[in-house]
Amino acid sequence: MNEELFSLPVVNQITPYITQRKIGDLPAVVIVHPKVRAAVTLQGAHLIAWQPAGEKPVIWLSDKTAWSPGKAIRGGVPICWPWFGPAGEPAHGFARTLPWTLSAHDENEESVMLTFVLESSEQTKKLWPHEFTLLARFRFSDRCEIELEAHGDYEATAALHSYFSVADIADVEVSGLGKTYIDKVNQGAQGTSEDGRQTYPDRVDRIYTHPDACSLIHDRTGYRTIEVHHHSHSDVVTWNPGPALSCSMGDMANEGYKTMVCVETAHVSSPMISAGELPARLATTIRVRKSN
């Protein structure tokens, strides 16, 4: 899917490095720059590709995603807001399935920057009774920087639900998660990890509540390490559906779980608080490096 994204017909040439294209029925902003390639759909301000020059794709995307308006995209970096999980309808909030607006962009020889905006409407107030302005900022270069900024007066939970591409989940370990977690596979039981490391022998769905500032995805078969730096967060969520759940999901191939892992910068166990002139923020910086 990754290569196909960058060969889609150009609908609008916005700048030398930025174009608008269409994937299925969804418009997307596509970056083709000497240092980096990336793509973000207007639905959800949803990152679906980031690939520094000379690297394999870093972001995982399901080849069974429907690409139709109002349907959640499986993979990429969904913005889960103003709630995480089943706290309301739709699950993981409405921000990821509504159309956003590209409000600003900039580029230079090193990077490309995009800003998307979503504002409250009659539609959102039926789901959640608050006025808000939500900004999603992206800076693409040899690193990927994502910042969510929420204006208004309310509390919310959120996650940058990042799906990462790995060579073989059986040989993946994530470190820097901290020692305490909520185990969603085990009915929300509290658990502890002596070393803050996680492997994925089967389905894993955990909210680590005292994570380090940086989590490392050790993709041994892929000979690389993905750094996930967390900013303004309270938690890090890690998820892999495992074989049984993967087979039951209509928008994921039966063996899709083998090539992905989610490591998510999140605000779940404590809320993000937006108040007056003080917006709430949640941000992540992603880097990739080769390893033996």
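To start, this report covers the structure provided alongside it. (Residues numbered from 1 in each chain as written. Predicted model: local features only at pLDDT ≥ 70, side-chain atom pairs only at ≥ 80, totals over all residues. Heavy atoms only, no water.)

### Points about the nonpolar core
Note on soluble globular proteins: their nonpolar side chains tend to be buried together. Spelled out, the test is: We call a set of buried Ala, Val, Leu, Ile, Met, Phe, Trp, Tyr and Cys residues a nonpolar core when their side-chain atoms join them within 4.5 Å. Only protein chains enter the accessibility calculation, which uses a 1.4 Å probe. A residue is then buried if its area is under 20% of the maximum for its type, exposed if over 50%, and partly exposed in between. In this analysis, two residues are considered to be in contact whenever any of their non-hydrogen atoms come within 4.5 Å of each other.
One finds Trp81 and Phe140 to be the most contacted residues of the largest nonpolar core, which totals 60 residues. Residues in contact with phenylalanine 140, not counting those within four places in the same chain, are Ile31, Val36, Ala38, Val40, Leu47, Trp50, Glu110, Ser111, Val112 and Leu114. Counting residues in each nonpolar core, the second largest holds 13 residues, with Val30, Ile48, Leu61 and Ile73 among its members.

### Focus on the pairing of strand β18 (residues 214-219)
To keep it simple, the criterion reads: When DSSP finds at least two bridges between two strands, those strands are taken to pair. Labels follow the DSSP assignment, with helices taken as runs of H or I lasting at least four residues and strands as runs of E lasting at least two, numbered in each case from the N terminus.
As judged from the four bridges shared by strand β13 (residues 172-175) and β18, these two strands associate in the antiparallel manner. Residue pairing for β18: valine 174 is matched across the bridge by isoleucine 217. In terms of strand pairing, β18 meets strand β19 (residues 224-231) through six bridges, oriented antiparallel. Paired with histidine 218 across the strands is threonine 225, a residue of β19.

### Let's talk about the sheet that holds strand β5 (residues 46-52)
Two orientations exist for strands paired in a sheet by backbone hydrogen bonds: parallel and antiparallel. Operational definition: For helices, the fitted axis covers only the stretch in contact; all axes are lines through C-alpha atoms, and the angles between them, taken along N-to-C directions, range from 0 to 180 degrees.
If you trace the five strands from one edge of the open sheet to the other, you get β1-β2-β3-β4-β5, paired in antiparallel fashion. The sheet is open, and its two edges are formed by β1 (10-13) and β5, each paired on a single side. Here the average twist between neighbouring strands, direction ignored, is 20°. Here strand β2 (residues 18-23) pairs with strand β3 (residues 26-33) via six bridges, running antiparallel. For glutamine 20, the partnering residue across the bridge sits in β3 and is valine 29.

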